[in-house]
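Structure at a glance
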Amino acid sequence: MDLDKHSDILLKLVKIGLGNVENLMLPENLDWKKLITLSYNQGVSAIVCDGMQVLYENQKTLNNTTDYTEQKEIRYEWISYQLSCEQYNEHYQTVLSELVRYYNENGFRVLLLKGYGLCLNYPNPTHRFMGDIDCYLYGNNSVADELIEKEYKIKIDHSSSRHSVFSFKNVMVENHFALMDDDAHWTNRHLEKVLENLLQNEPVEGEVRGQKVYFPSPTFNALYLIRHAGEHFAKEKITLRHVLDWGLFVKKQGKNVDWNYVYDLTNRYGGVTFMDSLNAICVKYLGFESSLFAAVENSPMVEKVLNDILCPKQLYAPSGRLKYALWITRLVWNTRWKYNIVYNENIIVFILVASIHKIKEWCRSC
């Protein structure tokens, strides 16, 4: 795959930022603003800044023809993104520890999904851009929501079929009572039961600033992370941050994953090609050791997946229920190659079932 110059440099800077390589000759005539925007949109600005720091510490990597003044200004801009990332992560952990403390004091067992647990796999945990706080309270979410609503005078959104949503100290919280996103997929309904059973096993005990929390087992995370990223990929897009989340998780915890079990389930319910493609991107473009991964895809699909990640199509959903329904149906059909590497399902059956679900949802809201 022939990457454009800026995508190629972005991948190499991420590789350097992860410590997987130390040297790079910067090409001439880089559009630094474009590179900054690309790194921000891909959720890896802080990692790229780490890479730039390595380059500046090794002056041999700089072209003599490069305008150092311009690079210095760009470097400062990247550092400002990195500092913003670090400051938000500091705030995120403060808020998370307060929320966990409140749950613990009221007798709730708190399991954290995705975010905070994933950042611990990074070389510098504060350089993973954090989003929402994702909690799982083992069926006690309704009682917990009532207490939070009463204690903190917070309005909680219960419209989702998967989790409640509320803002806590300016950080969005998703309180999960279901793990899979879309019950229109029969494979998700089966995986929901599998993941719930895995959660009954001993989770991994951890802490957030002295507050006890739990994390899912590595085998749970392998199944959950690949399906979660796959669903976003099939419906819209994912970023390099999703790829790093996967690669760094495998690097740190992969030896504790039951890969035979994971591959058995992904063969049955879908996602093997998608998972092995992410493995290949990590190895081929981001410098991970191939021995870390159970399997690495070696096909043109890898480049197709990477191209969709780096150059996603801009999507503009129309207003109006009927127009949106037609638009999303056409979108799913036109990008069915993405659907086919994530789900082991008939796409036409899914469109029909999803349409019925949506019609019922509209009728309930009338």
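Residues numbered from 1 in each chain as written. Predicted model: local features only at pLDDT ≥ 70, side-chain atom pairs only at ≥ 80, totals over all residues. Heavy atoms only, no water.

So, unusual backbone geometry
Phi is positive for Lys114, close to 55 degrees, though the residue is something other than glycine. As for its position among the elements, Lys114 is in the loop between strand 1 (111-113) and helix 5 (115-119). (Helix = DSSP H or I, 4+ residues; strand = E, 2+ residues; numbered from the N terminus.)

Some points on the nonpolar core
Counting 85 residues, the largest nonpolar core has Trp78, Trp246 and Leu278 as the members making the most contacts within it. Residues within four places of Trp246 in sequence aside, it is in contact with Ala222, Leu225, Ile226, Trp259, Met275, Leu278, Asn279 and Phe293. Counting residues in each nonpolar core, the second largest holds 27 residues, with Leu99, Leu137, Val171 and Val213 among its members. (Core = buried A, V, L, I, M, F, W, Y, C linked by side-chain atoms within 4.5 Å. Buried < 20%, exposed > 50% of the residue type's maximum accessible area, 1.4 Å probe, protein only. Contact = heavy atoms within 4.5 Å.)

Here's the deal with the packing of aromatic side chains
Tallied over the entire structure, the rule returns 17 aromatic pairs. The interplanar angle of 20 degrees and the centroid separation of 6.3 Å between the aromatic rings of Tyr88 and Phe129 together place this pair among those described as stacked. Of this pair, Tyr88 sits in helix 4 (residues 68-105) while Phe129 sits in the loop between helix 5 and strand 2 (133-136), and the two are 41 residues apart along the sequence. Take Tyr88: its relative accessible area is 24%, and that puts it in the partly exposed class. Residue classification places Phe129 among the partly exposed residues on the basis of a relative accessible area of 45%. (Phe/Tyr/Trp six-rings, centres within 6.5 Å; stacked < 30°, edge-to-face > 60°.)

Brief notes about the side chain of Ser45
Tracing the backbone shows Ser45 in helix 3 (residues 45-57). Taking the relative accessible area as the measure of exposure, Ser45 reaches 8% and is therefore buried.

Observations concerning helix 2 (residues 32-41)
When helix 2 is considered as a whole, its buried residues turn out to be Trp32, Leu35, Ile36, Leu38 and Ser39. Viewed along the axis of helix 2, the buried residues span an arc of 165 degrees, placing them on a single side of the element. Exposed residues pointing more than 90 degrees away from the buried face of helix 2 are listed as Lys33 and Tyr40. Measuring from the backbone nitrogen of Lys33 back to the side-chain oxygen at the start of helix 2 gives 3.3 Å, which picks out Asp31 as the cap. (Arc of directions from axis to C-beta. Polar contact = N/O pair within 3.5 Å; in protein donor to acceptor, adjacent residues only side chain to side chain.)

Looking at the environment of Lys212
With respect to the helices, strands and loops of the structure, Lys212 is situated in strand 6 (residues 211-215). Residue Lys212 is classed as partly exposed on the basis of its relative accessible area of 41%. Distance in space between the C-alpha atoms of Lys212 and Ser97 is 9.0 Å, their sequence separation being 115 residues.

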